[in-house]
Every structure is written in C-alpha cells, then in structure tokens.
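One letter stands for each residue in the lines below.
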Amino acid sequence: MILLKSNHGRVTRMVCLFLILVPVTCYTIVISFLHWNLPVYDDYIIQFEIEQMMNKTSLPAFLDILFSQLNEHRLFYTRIIFLLNYLIQDKLSYTLLIFLGNLPLIGIWFIVAAWQRQASMSIWISVFASWMLFQFQYHENSLWAMAALQNITIHFLYLLLFSMLVSKSRKVWWVALAVGGLMCYTSGNGFIALGIGGISLFLQRRWQDLSIWILLFCVTILTYFYQYQAVAESHAMNASTDRLLEILLGLTTFIGQGLVIHQSLSDVSIVMVLGFATIVASAFLLLLALRHLLPVFCYNELLTAKDSLMIVLVEVNIFIMLSGLALACNRMDAGDYSAMISSRYQLYPTMLILANVCLFQLLFPKVFQRISTIMLAASILAWLLIFQKNLSSMYLFSDQTLAYYFNTQQLSQTAPAPHRTIFQPDTDTKLSLMKIDQALKKATVDQRASKAIKISDLDYVHCMSCANSLHPGDFDFVVLKNARFQLLFPLLRNANKGLRSFWLKGKLFDVGNTAQLYSFFLNVGGLKKPYTISLLEKRDENITHYSTNIQIDLTTNK
C-alpha cells in the first residue's frame, strides 16, 4: 500500500470501513437467505436433551444431561445457549441460534482490530481480517446452529484467552480463568489451549498464576474425563512408519484445505502440497518469532505490545497445528481424508493464515507495507472464488435441512428417540412445509421426468438433468414414495456460472447434467419396498410435482 499522508487519514479510515463492511454484509445476506429456522443433524439430539432437562426434577439429573458427552465433546456451552433460548422465548429459534453461533466471528475481528491498534500495525490488517473471516469455506458452521456454537465460538475463546494471558491486569487474569474452563466445555481441544496457556505463564515467570492455572487444568481434566467414553476406535499405540505418515498426511490435508479456493485445486495430492507449503512457511515465521522472544524470556524483560502480540500469534500457530494432529489421530483411518477436509473444520486453516499474516507484519513491517495492496487484492479475489466454489454445497446443505425436517416428521414415530423432533416451526416455515405436502398430493405428468432418472447403485439416484436454479428459496428434490412415506432428497445444484449464479433462475430440465442424491433416510423406519421415484421443483412460489412410473428396490446399509 502506498504510504498515505496524515492529512489523508480520515479518507483512509472511511475506505477501510467500507472494505471491512462489504464481506460482513455479503456474508449476512447469504446466510439469511440460505438458512432455515429448522434443526439439522445433531440439533435434534440437543433439543431432545433440552426437553429431558426441563422434565428433570432433581438438580443432579439436570446437571448430568447438561455436562453429558456428545461424540468426543461435553457441549456445556452449546446446551446452555439452547436452554436459555428455550427459557426466554418458550421455544427454540434456530434463526437466533445460528445468529448467536456466527456472532463470535465479529468478536474475532474485534480482537484482531485490538491487536492492530495495540501493536501499531497497519490499518489494512483489519481489512484483510474481515475478508478472511466472513467467507464461506466453513459454510456448514454458518448454517448449522450446533456446529456454529461449537466450532466458531472455540476460535473466539482461545484468541481471547491467549490475549488475556499476556495482560498484567488482575481483573483480566480472573476472567481468563473462566474463559479457560468454558473453552474446554465448548470443544474438547480447548485442553490444548489450556496447556499452551500454562507454558506461556511459565515463560513469563508468573509462578503464582501458573500454580492456579495448573489447579484449573487438573480440576477441568478430572471433571471432563469422569465417566468419559472413547468414541473413535483407538489405533494401536505404536510408532509405526505407516501410522505416523498417515497422521502427518492428515495434518497437511487439514491445513491445505483452507487454501483450496478453486475446484481445480481440490485434488488430495494438491491439497497436501498446499498444506505442506503452509506448514513450512508457518514454521519459518515461528522460528523468527521465537528468536526475537528468546532474549525477552531469558532476561525477564518487560513485554512490549509487540512482544505480547507475538507471543499470542505463536500460541495460535501451535494450537492450530496440535488441533490438526489431534483430529488426524482421531479421525484418520486407512487413508480416509473426508474428515480432514470437512467444511466444519475450515476455520482452523483460515485462522492460521490470518495469524501468520499478522506475524509477518510484525517481523517485516516495511515489506508488508509494500505488498499490502497485493495481499488485500488477493484476499478479495480469494473471497470471490471461495463463494463460487462453495455455492453448490451451501445450497445442498440448506436443502438438506429442509428435507431432513420434512422426513423426520414422518419417521418420528419409528425413529430412535433422539431423532424425534420436538421443534415447532414458525409460520413461514410451516407454510413452506404445507405447500410441499400439498404439491406431493398432486402429480404432473411430464415424459422428461422419467427419461431423466437413472439408477446407478444402491446409494445414489442420478438425474440426467441439472437442478440449475440458484435463486434463494428455489429447490429441487427427488422424492421416494412407498405406502407409508414420501421422503425428500435434494439434488446438487450447478453453480459453475460465476457470481451471477446466486440469482440464476432455470427449469429442472433445461440442461443435461448428472446430479447425485444420497439416500440417507432409507434405513430408518422400516420402509417397505418398492419405492416410486418422482421429482419436486420449486420456482418462486410455484411447486410442481413430476410423477414417473419408475419403481425400484433400493436398500442401504449406511
């Protein structure tokens, strides 16, 4: 960025404010259009637990559910937010829960902005942070209440914790203890941050605070792992070359996926190369930062604002690397990289990149000043490419939320208790569900519908036509019907038409492409064979149900 004169400071601040608000506004608009005020996936389990808590008459039984284990985590924070929402509104509002889950992104931005002011960093760091944070690489978190409350909030908490632990204020110290405890009951990898925080206190020679911190760590571990049940199958605890290599490849995939801004980069081998390059660059910056900090720790010098921020950024790097290793140890199995590239975890490499940009600015301020324009332009371009790359997946997740609820309503009498829905949708959502139900009772005969269907295997139904309407509110579903149920399964939409595809309108049979459908409900509820396939299309306010004469015997063990 060309060095601006002081009399241009106000203009510069106005330009920065505009550039900061653009991605925030776009992010908010897209999420508001694509989200449904409906539960999805583990939301059903949480809401069922809320109902159980409200029915408990004893405090121990109530606390047992509040601190209970779900998968690898004890989701105290998530359950508390759900519970407060229910108590205040006398119902669950997933629109509000999704908003609360995304709200920590603003908190993360304010922390970065505070770093920028305290360490006299370039004002463009705040702009860069906005374009990095408010993007759609981790769209599952953005549209899923439970995931947002866990997977976005944990990033805000560890940034807040690391920033507090370099403060000399005693009030801040006591708040840091509370944040440290809450972090572990938000996501299990909060223990990694607790450990890193203890090392930070040790290096700062704050012995009294360190003893209190160790006590917190011990108490938290004992309470967290009391009656804890291992979820994932444990691997043999040996240092075999194959297992170590598998974990390291998982880590490189985990880090590299954050740099996949275009579909052409999505091959696993390319992702690994990107991840390896990022890890090497991060290690180089860490070594330079530690070389700067080593004399400070050795001679017990007073920490400057720059030193304090450098400590925080080093801790963020280490936390994300260790979190990636923990995920790889837990989820990597026989070369299966699906967990490592999940949208839910993509905020981790994003935060790593953001931390390294801040660290680079501290270490090489003059170089950063010269290339800041290029970096800002690159972040904006990356935002646009990420938007286009993830648009189909965002629409698919939104459609799955609607289909999941519609199907669960029918299966609630035969499904296991945690999958039964106690949620009552709002008026608009209920009207949409009613229109779908009414449309399914009427059939439109169109020869193209039967010709479009192709059954290729036991898990997927392929339609030889692309569901190419990407206008908010439109959808396309494959319908599987038997004597008892009519189940909806969303078609993947074609979003390879540039940014205009967010508002693109089209008909179901306009183009000839293959869309996939995963039949994840077919093994629930004792469904009877055969199934009749039909297609459901919504364009604006019109919903059309295209019947076919295709009957199949489709079973799945998924």
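The structure under discussion appears in the preceding block.
Just so it is clear, the structure is predicted and the values come from calculations on it, not from any experiment. (Residues numbered from 1 in each chain as written. Predicted model: local features only at pLDDT ≥ 70, side-chain atom pairs only at ≥ 80, totals over all residues. Heavy atoms only, no water.)

A look at the overall build of the chain
Working step 1: Each helix and strand in the chain was counted, giving 19 helices and nine strands.
Working step 2: In the chain, which comprises 558 residues, the proportion classed as buried is 54%.
Working step 3: Taking the contacts inside the chain whose residues are at least 6 apart along the sequence as the reference set, 78% of them involve residues at least 24 apart.
Working step 4: In the form shown here, the chain has an accessible surface area of approximately 25500 Å², with 63% of it arising from carbon and sulfur atoms. (Helix = DSSP H or I, 4+ residues; strand = E, 2+ residues; numbered from the N terminus. Buried < 20%, exposed > 50% of the residue type's maximum accessible area, 1.4 Å probe, protein only. Contact = heavy atoms within 4.5 Å. Areas by Shrake-Rupley, 256 points an atom, 1.4 Å probe, with all protein chains shown as cover.)

What about the sheet that holds strand 9 (residues 542-552)?
Working step 1: Across the sheet, five strands lie side by side as 3-9-8-6-7; this open sheet has mixed pairing. Both outer strands of the open sheet, strand 3 (444-445) and strand 7 (486-490), are each paired with one neighbouring strand and no more.
Working step 2: Taken together, the five bridges between strand 6 (residues 475-481) and strand 7 define a ladder with antiparallel strand orientation. Counted as the bridge partner of Val478 is Phe489 from strand 7.
Working step 3: Relative to strand 7, helix 17 (residues 365-411) is tilted by about 170°, and along the sheet it contacts strand 6 and strand 7.
Working step 4: Relative to strand 9, helix 18 (residues 427-440) is tilted by about 45°, and along the sheet it contacts strand 6, strand 7, strand 8 (531-539) and strand 9. (Pairing = 2+ DSSP bridges. Axes fitted to C-alpha atoms, helices over the stretch in contact; angles between N-to-C directions.)

Side note on empty space enclosed by the protein
Working step 1: On inspection of all chains with the given rule, the structure shows one cavity of 30 Å³ or more.
Working step 2: Trp124, Phe128, Val357, Phe368, Ser372, Met375 and Leu376 are the residues that line the largest cavity.
Working step 3: Within the residue set of the lining of the largest cavity, elements represented by two or more residues are helix 7 (124-133) and helix 17.
Working step 4: The leading source of residues in the lining of the largest cavity is helix 17, at four residues. (1 Å grid on protein atoms, 1.4 Å probe; cavity = no way out; pocket = protein on both sides within 12 Å on 5 of 7 lines; lining within 4 Å. Points joined across faces, edges and corners; volume = space filled by probe spheres on them.)

Focus: the pattern of salt bridges
Working step 1: Under the criterion given, the structure shown has eight salt bridges.
Working step 2: Taking the shortest distance from any N to any O, the salt bridge between Glu140 and Arg344 comes out at 3.5 Å. On the criterion of sequence distance, the pair formed by Glu140 in helix 8 (residues 139-143) and Arg344 in the loop between helix 15 (305-331) and helix 16 (347-363) is long-range, its members being 204 residues apart.
Working step 3: On the basis of relative accessibility, which here comes to 28%, the residue Arg344 falls in the partly exposed class.
Working step 4: Here Asp209 ties to Arg206 by a salt bridge, and the two come within 3.0 Å at their closest N and O atoms. One exposure class covers both Asp209 and Arg206, and it is buried.
Working step 5: Each member of the salt-bridge network shares a partner with another, and the members are Arg170, Arg206 and Asp209. (Salt bridge = Lys/Arg side-chain N within 4 Å of Asp/Glu carboxyl O.)

Quick notes on the packing of helix 11 (residues 190-203) against helix 12 (residues 207-224)
Working step 1: Across the interface, helix 11 lies against helix 12 with an axial gap of 9 Å and an inter-helix angle of 165°. One element, helix 11, and the other, helix 12, form an angle in the roughly antiparallel class. In this structure, helix 11 crosses over helix 12, and the sense of that crossing is left-handed. Contacts between helix 11 and helix 12 involve Phe191, Leu194, Gly195, Gly197, Gly198, Leu201 and Phe202 from the first element and Trp207, Asp209, Leu210, Trp213, Leu216, Phe217, Thr220, Ile221 and Tyr224 from the second.
Working step 2: Residue composition of the contact of helix 11 with helix 12, by class: 11 nonpolar, four polar and one charged. (Parallel < 35°, antiparallel > 145°, perpendicular 65-115°, else oblique. Left-handed = near helix turned anticlockwise from the far one by under 90°. Nonpolar A, V, L, I, M, F, W, Y, C, P; charged D, E, K, R; others polar.)

Things to note about the nonpolar core
Working step 1: Trp115, Tyr158, Ile320 and Leu536 are the most contacted members of the largest nonpolar core, which has 141 residues in total.
Working step 2: Counting residues per element, this core draws most heavily on helix 17, at 14 residues.
Working step 3: What Trp115 contacts, discounting residues up to four positions off in sequence, is Met121, Leu159, Ser163, Leu309, Val312, Leu313 and Cys358.
Working step 4: One finds Ala449, Leu480, Phe485 and Ile550 within the second-largest nonpolar core, a separate group that totals 15 residues. (Core = buried A, V, L, I, M, F, W, Y, C linked by side-chain atoms within 4.5 Å.)

Re helix 7
Working step 1: Across the 10 residues of helix 7, 10 count as buried, placing the element largely inside the fold.
Working step 2: For helix 7, the set of buried residues is Trp124, Ile125, Ser126, Val127, Phe128, Ala129, Ser130, Trp131, Met132 and Leu133.
Working step 3: Looking at the buried side of helix 7, the elements it contacts are helix 1 (9-34), helix 6 (104-118), helix 16 and helix 17.

Points about the packing of aromatic side chains
Working step 1: For the structure on display, the rule yields 29 aromatic pairs.
Working step 2: Between Phe67 and Tyr185 the ring centres are 5.5 Å apart and the planes differ by 90°, which places this aromatic pair in the edge-to-face class. Of the two residues, Phe67 is situated in the loop between helix 3 (59-66) and strand 1 (69-70) and Tyr185 in the loop between helix 10 (170-184) and helix 11; the sequence distance between them amounts to 118 residues.
Working step 3: For Tyr185, a relative accessible area of 10% corresponds to the buried category.
Working step 4: An aromatic cluster is built from Phe67, Phe76, Tyr185, Phe191, Phe217, Tyr224 and Phe225, whose rings are joined through pairwise contacts.
Working step 5: Positioned over the ring face of Tyr224 is Arg74, at 5.7 Å from the centre of the ring. (Phe/Tyr/Trp six-rings, centres within 6.5 Å; stacked < 30°, edge-to-face > 60°. Lys NZ or Arg CZ within 6 Å of the ring centre and 35° of its normal.)

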